[in-house]
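One letter stands for each residue in the lines below.
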Amino acid sequence: MHTSIYSAKYEKKMSISVYINQNCNLNCNSCIRCAPLYDHEEYPLDIFERDLKRIHDLFKNTLLTIDGGEPLLNKNLLEYLKIGKKYCTQVEIITNGILIPKLSKETLEYIRDNGMFFLITCYPGINYSKTFETLAKYNITYLNSALEIKKLFSNTDKLLFQYNRLSLKKINKNYAFNNCRECVGVLNNGKFYKCGKPIISKKLNEIYGTNFEVKDEDYIDIFKIKNFDDFYNFFSKSSEFCSYCKDKIRNPKKNTFEWNTFHKGKTFDDLKIEFIEN
């Protein structure tokens, strides 16, 4: 059982990720959010509040993950955090950490004073001394998630990832869902998805000429949910979009590559996505 489903069923705790913007200050070849494909795209602040208010009306115990892209690029970050605090019991921020020293004193103090914390992926070759100095100065809690990635994909100190893999021909959606490691629950414009791939698929179709379809069964309208059982019934079984996903259906320590960045180009060939024909 996926961790988020377990929390929802037995702890009555909702876990929700929100991509407050899709762009990033790094062009990682490993980006599972495909952020290098985006110039800029934000979750409108008014829609964000509308959606979180609805989630709060439905579920009183909610963990909100502020995600991206790189969410620290968002000029309205503090406002998103305030709305998150208003409607959710816990707020965490996923980031590459580079921009933490550039956050305003008001934002850093708000994060500290409201018990929020950072999940930081520290990438090789980047000087994080100012980042850690800032976190120490403001006494902000953080976790270096790169250490967990190394445990999963590598037997070495190298930061390794696997390709994003999507099937151009549909596979068994139940098998894909049952082997998924990314079923985290993503909220986008009033719709709740099991993962972010249906949201990203529109950009993949635009850039690569693929034809991934998002159908009504791939999300649940949060304004049509009547109770907890409606949510749980959706989240605990596969959806049609799962049949495109070959991501993570393999040994996690095989078919890996070393993390790097690249310069944006017209074809984005350096973004490690595999479109599988069969």
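The shown structure was predicted, so the numbers you read here are calculated from the model rather than taken from an experiment.

A. Representation of the overall build of the chain in the model. Looking only at helices and strands, the chain features 9 helices and 12 strands. Taking all 278 residues of the chain together, 54% fall into the buried category. Considering only intrachain contacts with a sequence separation of at least 6, the fraction spanning at least 24 residues in the chain is 79%. For the chain, the accessible area works out to roughly 13,700 Å², and carbon and sulfur atoms hold 47% of it.

B. Geometry of the packing of helix 3 (residues 77-87) against helix 4 (residues 105-113). Where helix 3 contacts helix 4, the two axes come as close as 10 Å, and the packing angle between them is 20°. Our classification of the angle between helix 3 and helix 4 gives roughly parallel. Considering how the two elements wind past one another, helix 3 and helix 4 form a crossing that is left-handed. Contacts between helix 3 and helix 4 involve Leu77, Leu78, Leu81, Lys82 and Lys85 from the former and Glu106, Thr107, Tyr110 and Ile111 from the latter. Counted by class, the contact of helix 3 with helix 4 contains 5 nonpolar, 1 polar and 3 charged residues.

C. Main features of the side chain of Asp67. Its location among the elements puts Asp67 in strand 2 (residues 62-67). Looking at Asp67, the relative accessible area reads 4%, which means it is buried. Those residues in contact with Asp67 that sit more than four places away from it in its chain are Val18, Tyr19, Ile20, Asn21, Arg33 and Ile94.

D. Fine view of the nonpolar core. Formed by 69 residues in total, the largest nonpolar core has its most connected members in Phe48, Leu64, Leu81, Phe118, Leu187 and Phe192. Grouped together as the second largest cluster of nonpolar side chains are 5 residues, Tyr19, Tyr193, Ile199 and Tyr219 included.

E. Fine view of unusual backbone geometry. Geometrically, the link from Gly68 to Gly69 is a cis peptide bond, its omega value of 20° lying close to zero. If you check the backbone angles, Cys34 has positive phi at about 55° while not being a glycine. If you trace the backbone, Cys34 turns up in the loop between strand 1 (14-19) and helix 2 (45-58). At Asn189, a residue that is not glycine, the phi angle is positive and equals roughly 50°. When you line up the elements, Asn189 lands in the loop between strand 8 (186-188) and strand 9 (191-193). Here Asn189 falls in the partly exposed class, since its relative accessible area comes to 47%.

F. The arrangement of the pattern of salt bridges in detail. Summed over the entire model, instances satisfying the criterion amount to 11 salt bridges. With a shortest N-O distance of 2.8 Å, Arg50 and Asp51 are connected by a salt bridge. Accessibility expressed as a relative area gives 35% for Arg50, which makes it partly exposed. Connected through shared salt-bridge partners, Lys170, Lys173, Glu217 and Glu240 make up one network.

Parameters at a glance
Residues numbered from 1 in each chain as written. Predicted model: local features only at pLDDT ≥ 70, side-chain atom pairs only at ≥ 80, totals over all residues. Heavy atoms only, no water. Helix = DSSP H or I, 4+ residues; strand = E, 2+ residues; numbered from the N terminus. Buried < 20%, exposed > 50% of the residue type's maximum accessible area, 1.4 Å probe, protein only. Contact = heavy atoms within 4.5 Å. Areas by Shrake-Rupley, 256 points an atom, 1.4 Å probe, with all protein chains shown as cover. Axes fitted to C-alpha atoms, helices over the stretch in contact; angles between N-to-C directions. Parallel < 35°, antiparallel > 145°, perpendicular 65-115°, else oblique. Left-handed = near helix turned anticlockwise from the far one by under 90°. Nonpolar A, V, L, I, M, F, W, Y, C, P; charged D, E, K, R; others polar. Core = buried A, V, L, I, M, F, W, Y, C linked by side-chain atoms within 4.5 Å. Salt bridge = Lys/Arg side-chain N within 4 Å of Asp/Glu carboxyl O.

Function-wise, these values are silent; they only describe arrangement.
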